[in-house]
Structure formats: structure tokens, C-alpha cells
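Structural features, examined
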Amino acid sequence: MEISPEDPITTCLSPSVYDMICKLGFEVREDRDIDSIVTKNGEVCWQTITDCVIDTESAQGLDYQGSVRLLGPVCEAVHVHFSSLTKTQFEVRYAPWLQWTSSPELFPEIFDALESLQSPAISLSLMKLTACLERALGDVFLLVGKECPFLLRDLLTSTELAGVFGPSVMSVLTVFVGSPSGLNLRNVLWHGFAAPWEVPPKYCSMMVLLTAGLGQLLEAYLQRTARTVARRPLLTLTDSEDLAVFPGVTHEVLSVLGEVMRRSAFVLRIMLPYWEVALIKFKLHRFADCAMLLLTQLETGLRSMFAMVNKCPRRLLTAESTALYTTFDEILAEHLNDGEVNQLPPFLGEPAMEFLWDFLNHQEGPRVRDHLSHGEVNLLAFPKGLTGQLLAFSVVLLLRFADEELASMWKEKTAIQALIGLAEGYRARFHPVALIRKQVLSCEESIRLWPLLPLPEEAEQEAARLEGDPQANVCSSLVTKITRGLCHYIPGNPCALGGLEKLPVERWPQLLPGLCSIRVPTLFCPRAVLEVLSVLRNISRCCARVSLQVAASLELRRRQWEERTLRSRQRRNFLRMTSSIKLLSPALSLILLLIALELVNIHAVRGRSAQGLQQYLKFLKAVLQYAENLVACTSRERNRWDEAAELTRAVLLRIWTFTEKKQMLLHSVKEAE
């Protein structure tokens, strides 16, 4: 699909934001003496800087415009000063004061970027610097505070940091990176609003100096208080199987991306240099740098599409300080702020939306943009595979908005066809539905592999006794009845062919892979659906834990039996365990089957009345209580196998009663049909 905007976009900054960043800092023509800003030894003269930050006439807050005007010449002097230094001189003078950050190795790279005069490199450096600074300030906050604020603006206005660095110093940082009324350098870059040449390099130089100055103030504070900053460990992202959607990026794919980004309406012309640098960074194995640039430009491109399909062209620009920015949060939401339906999700399609939600939003996904922008990631160890996934997805997305004739030519390439096929068939991997299914299949496999031990004579006698045990017979009968009753609710109703009714109960788990492969919509699940999913997930998690505990206990006791190290009571307990698991195995498999069936029908929750939903949740929570109790009974510390059998009988009776009343979600769907 090709989209040709009527007017070429020359900036994504609104007029007031453009003036703030690109003009105000150049209005005051004054040469500031660098010696009044920083000494020969690299010590920052904070008074000179803080004097430039002024309040409004009403003293109701900071005068951001006036402060930026006064800070402009100071920033210029600092930038000229850095330009006069060699890299060695820079490191000798400032490196000691940058060690307090989580990534001191970053600053020589920033110096190189400033020296290169390459606008995209300087913008990227500022992005990395603000993320690094946020992380370091969070570590300092935890010296005196308990829960570090998630947002940088809240961190900068905290009384905790004001107590360490001083309120006037925090006001300086707020002007640069902490308020939409100020320069707001962090947000305009990380959200993809600023074109490469729109952020003056002198602001990057100034942020480096401010970071060094903060290091000096922190050292003085630590000496006075005899404290030590404990750095939180950085997160090391890895290439996991769940993240491997597309195959490794090849030279052919990179070549196509290099061409299509110049022909796709998804890429704003003013942002093209970022795409070009992203490609270079990938080839240089700078995978974190590449990912940062791709993420900001995916947000820019999607915001452009969002503005187009929702007919709100002004949303492409940075918002004023009195309004919200249009960022990923709103771009990927179901509704607009005014309650209208967001037209972007149906425009992009479910697979693309699920990919974006998986990689950006879901709590157990990589949340790669959040982790990078808040300085939580080890950049040097950033995985190639994760960046490759973003690159491959970008190729597919850009092709959708390229000239049809050119796009069809690129799509003829086998590698590109494969990427498109994988993208179109994508299903959520980090939504609760997907995570529960993964747990269900893993647990079923674990139960199936419970060791079958050659029993000694005493165990055979115990097994024979149990076969005549009324409780065991009741449990076996209940499992059979419940399982047979479910066959009419298997999608496709194979019972009509007489297939499932004749299938032995122990072979019913074979249905799980098929059930777990049925597509279930995952976008924009309402709260009631998420509440049910939370309980189902806790049940499956407990079942998985029970399975692991049983397998571990069986292995341990078998080895101890063979080594004749079990005491008499332990031997009896082992025999009870081998008998009890004959009940636990089908009972747990039944619960897994119920979970799989309920997931297929999860959206029937929407049709439940408030009372019906509460009754259903009460039932699920009773099953969860059983699973939690079973975790305790089967632990190595307790080994309460008789109690486990009694609990199993009770929960099977409850499941039988509930299914007979046809109150499961699967019953609701069948009745609706």
C-alpha cells in the first residue's frame, strides 16, 4: 500500500516545542567565560549554571523559556570547550566524575559523536545518555528512598534527590530533560519526534558536563554521610526461543531494507538518516544502538499511520505541555482519548498488532523499548537476535507502504516471502493466553514422563489394596464421567463420529496440542477476561509445580530404595506415593484439559452477568485452592500422599457438580450455538 501525504512533513515538533529546542537557546548572544562554568581540573561551577534557571514572575514555577534563553550561551561555551579537547584530555579531566553512572564507558563514545558532527550520532548519544543518567539517579534515590519512581520527571522532582544534589541543581535537570514545558530532550528523542538536525549538539555537550557535575556533588555527599551507592544490576536480555519469530537477518534482507526505506511512505523523509544509521549499526554489531533507532522510528512511522487513519493530522506533532503526546501507549490502544475506536489496529491487522504488543507492552515479554529507554539494559551484551527480529518486522511493515510495483518486485525474493509469511501468521507469545497454553503443554509432558518404577513386593500389595479402595474407585469413576461429558464440547464435535467416547481416558491429554493451537483473539481483553486468565494461570502454575515435585520425589526415593537408605516410615510413605500418583496423574490431566477448553472459549466471559462471573470465579478459585494445597502436600518437606488423594476426590466432586450444571465457559458457547 502506498500513502502519499499531500504536504511533505518538515518537522514533527509543534511550533512552540520547535522554538524551545531550536531557537530560544540561540537568542541571547553572549560569550560566557568557560572558566566561570568549569575549572581547569574539570570541577563544575554550579552557581553559574543554576543562576540561569529562573522562576516565573508569579513565582508559581520555573520560567522554562527564560531559563533556556539564559542557558543557551552557557551550553555554547561548554560545547566549544569540549571541541577544543582531545579525547585523552577529555577522559583525564572528566572520566573520574562519570564513574558514578552505570555506564561510564559510554562517555568516550559520546565525545566521538560530538567530534564527528554527525547529527544522528549525536541524537543517539543523547538518548543513551538520558537513559544512563536516569538509571544512575535511580540508584542514588535508593540511598534514601524506598521505591524508585518509574518516570524520569517524577525522579527529578523527588525530595530524595533534592536532598542529595540540592533543589537548584534538580531544577537545571528539569529544564533539560524533566518537563514537557522545557527542552524535554529525553522524550522528544526517545519517542521519535526530533529529526537528527533539530537537537543542537551543544545540549548534548551540556548534558555530559551536568552528569560529571552530579558525580562531583554525589562524591561530596557520600563523604559527608559515609554512605555507598549500591548499583542495581543491569538486565541482560537474551535470545530465547519465544523471541525467534523470524530467521536470522541475511545480507539479502538488509539490502532490501536499505532500498525499501527510501521508497516507503512509512518512513518520513526527515527521519531517513536514522534508518540509515540503524542499518550501519547492525552491520557493525552495535545491536543496542540499532534497536534504539529502530524503536524510535517505528513509533514515528506508526504515529504517522495513526494520524492518517484516525484523521487527526495534528497528532503527528509533539503535544503542547498541556496535552498528552501521541506515543506507543495510545497508538496501540483500542480507543482514542475521546472514546472513539482507534482505527490503526484493524488497519495494521491482528498479527502485526500482536507482534508489537508482545515486544513492547506485555509484562512478560522483552519490553525492549521500556528497558532500553530507562537505562536498565546491558548495552554491550544486547542480543543480535532480538535486534534482528525488529529489523525483519520493519522490512515487512515498510513493504506494506511502498509503491506496489516496487514492493511486488522485492516480494518475489524467497527470503522476503518467508518473512511476510511468518509475519502474517504471527500469534501472541507473551499474552496470558499464550503463556498459559505453554505451561499446560509443558506440564502435560512432565506428567506423561513421570517415571514408571518396577515396584517391590510390598508396593504390589499396596497397589492391590488400593484397587479395592472405595475412594480410589470414586476418583477413577469421576475422572471418566467428567472426561466423557466434555467430548461434546471439543471444537468440531468429534463425538458425532463416535471417536472420543471410545478413547481411553489416559489418552485424552493427546488432545491438548490441538486445543492449544486454536487461535484465540488476545488484543484488548477486558478486565473480566484478564481476571479469569489470572486464576487459570495460577492453577496451571501450581499443576506444573506439583508435577516437578512428584518427579523429583519419585527419582529421589527410587534411588534411596535401591541404595537401601530409606527408614521404615519412609518406605511406607514411598509406597503410598507410588499409589497416590495413579490418582494424581489423571486428575491433573483432567484439570489441564479443562483449562485448555476454557481458553478456547475465554471470550464467553464477556456474556456473563456479574453474578454469573462471580460464581464462575468462585469455582476456579476452589480448583486453585486444591492445586495450592497439592503443592504443599507433595513437597519434599511434607509428603502427605493420603491427604493428596482425599483432596483430589473432593475437587473432582466439585468439578463434576459444576460441569453437570453446565456453568463452564465451554457450556456458554455451546448454548449460544
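Model, not experiment: these values are computed from the prediction.

Along the protein chain, the regular secondary structure elements total 30 helices and 0 strands. Taking the principal axes of its C-alpha atoms as reference, the protein chain extends roughly 100 × 65 × 50 Å. Considering the protein chain as a whole, with its 673 residues, one finds that 55% of them fall into the buried category. Across the protein chain, the fraction of contacts at a sequence separation of at least 24, relative to all contacts at a separation of at least 6, is 77%. In the structure as shown, the protein chain presents an accessible area of about 29,900 Å², 51% of it carried by carbon and sulfur atoms. Side chains of the protein chain carry 70 positive and 75 negative charges; the gap between the two charge centres is 8 Å.

Right, let's talk about the nonpolar core for a bit. Counting 158 residues, the largest nonpolar core has Ile 49, Leu 137, Phe 165, Phe 176 and Phe 382 as the members making the most contacts within it. Ranked by residue count, the leading element in this core is helix α14 (residues 287-309), at 14 residues. Ignoring any residue separated from it by four or fewer positions in sequence, one finds Phe 382 in contact with Leu 237, Phe 287, Ala 288, Ala 291, Val 368, Leu 372, Val 377 and Thr 387.

Let us look at the pattern of salt bridges. Tallying each qualifying case throughout the model produces 26 salt bridges. Here Glu 646 and Arg 649 are joined by a salt bridge, their closest N and O atoms 2.8 Å apart. With Glu 646 and Arg 649 both in helix α29 (residues 641-660), this residue pair falls 3 residues apart, about one helical turn. Residue Glu 646 is classed as partly exposed on the basis of its relative accessible area of 33%. Overall, the relative accessible area of 24% leaves Arg 649 in the partly exposed class. Salt bridges here are not isolated pairs; linked through shared partners, they connect Glu 109, Lys 128, Lys 281, Arg 286 and Asp 289.

Following both chains from N to C, one finds helix α26 (residues 527-562) and helix α28 (residues 610-633) inclined at 20°, their axes separated by 9 Å at the closest point. The pairing of α26 with α28 is recorded here as roughly parallel in orientation. Considering only the axes of α26 and α28, their crossing is left-handed. Contacts between α26 and α28 involve Ala 528, Glu 531, Val 532, Val 535, Leu 536, Asn 538, Ile 539, Cys 542, Arg 545, Val 546 and Gln 549 on the former and, on the latter, Leu 613, Tyr 616, Leu 617, Leu 620, Lys 621, Val 623, Leu 624, Ala 627, Glu 628, Leu 630 and Val 631. In terms of residue class, the contact of α26 with α28 is built from 16 nonpolar, 2 polar and 4 charged.

The subject of this paragraph is helix α11 (residues 201-225). The end-to-end C-alpha separation of α11 is 37 Å, in line with the 36 Å expected for 25 residues at 1.5 Å each. Counted residue by residue, α11 has 18 buried out of 25 residues, so it is predominantly covered. Ala 226 occupies a position one or two residues after α11 and carries a positive phi of about 55°.

With that out of the way, let us pick up the confidence of the model for the protein chain. Chain-level pLDDT for the protein chain is 89 on average; 92% of the residues reach the 70-or-more range. This model gives residues 1-7 a pLDDT under 50, and the stretch forms 14 contacts once residues within four places in sequence are excluded.

To continue, consider the packing of aromatic side chains. The geometry of an aromatic ring pair comes down to the distance between the two centres and the angle between the two planes. Enumeration over the complete set of coordinates arrives at 16 aromatic pairs. Ring centres of Phe 246 and Phe 355 lie 6.0 Å apart, and the angle between their planes is 50°; this geometry places the pair in the tilted category. Separated by 109 residues along the polypeptide, Phe 246 in the loop between α11 and α12 (251-260) and Phe 355 in helix α17 (residues 350-361) bring together distant segments of the chain. For Phe 246, a relative accessible area of 5% gives the class buried. Where Trp 357 meets Phe 524, the ring centres are 6.2 Å apart and the plane angle is 85°; that geometry is what we call edge-to-face. Residue Trp 357 is found in helix α17, and its partner Phe 524 is found in the loop between α25 (512-515) and α26; the two are separated by 167 residues along the sequence. Taking the relative accessible area as the measure of exposure, Phe 524 reaches 21% and is therefore partly exposed. In this structure an aromatic cluster arises from ring pairing among Phe 246, Phe 355, Phe 359, Phe 393 and Tyr 426. Directly above the aromatic system of Phe 193 lies the positively charged group of Arg 303, at a separation of 3.7 Å from the ring centroid. For the cation-ring pair, Lys 481 lies above Trp 656, with the distance from its terminal atom to the ring centre recorded as 5.7 Å.

Turning our attention to the packing of α26 against helix α27 (residues 568-600). Contact geometry for α26 and α27: axes closest at 10 Å, N-to-C directions at 155°. Here α27 runs roughly antiparallel to α26, going by the angle between their axes. Relative to α27, α26 is oriented so that their crossing is left-handed. Here the residues of the contact of α26 with α27 are counted per class, giving 17 nonpolar, 4 polar and 4 charged.

The rules behind the values
Residues numbered from 1 in each chain as written. Predicted model: local features only at pLDDT ≥ 70, side-chain atom pairs only at ≥ 80, totals over all residues. Heavy atoms only, no water. Helix = DSSP H or I, 4+ residues; strand = E, 2+ residues; numbered from the N terminus. Buried < 20%, exposed > 50% of the residue type's maximum accessible area, 1.4 Å probe, protein only. Contact = heavy atoms within 4.5 Å. Areas by Shrake-Rupley, 256 points an atom, 1.4 Å probe, with all protein chains shown as cover. Lys, Arg positive; Asp, Glu negative; His and termini not counted. Charge placed at Lys NZ, Arg CZ, Asp CG, Glu CD. Core = buried A, V, L, I, M, F, W, Y, C linked by side-chain atoms within 4.5 Å. Salt bridge = Lys/Arg side-chain N within 4 Å of Asp/Glu carboxyl O. Axes fitted to C-alpha atoms, helices over the stretch in contact; angles between N-to-C directions. Parallel < 35°, antiparallel > 145°, perpendicular 65-115°, else oblique. Left-handed = near helix turned anticlockwise from the far one by under 90°. Nonpolar A, V, L, I, M, F, W, Y, C, P; charged D, E, K, R; others polar. Expected span 1.5 Å × (residues − 1). pLDDT = per-residue confidence, 0-100. Phe/Tyr/Trp six-rings, centres within 6.5 Å; stacked < 30°, edge-to-face > 60°. Lys NZ or Arg CZ within 6 Å of the ring centre and 35° of its normal.

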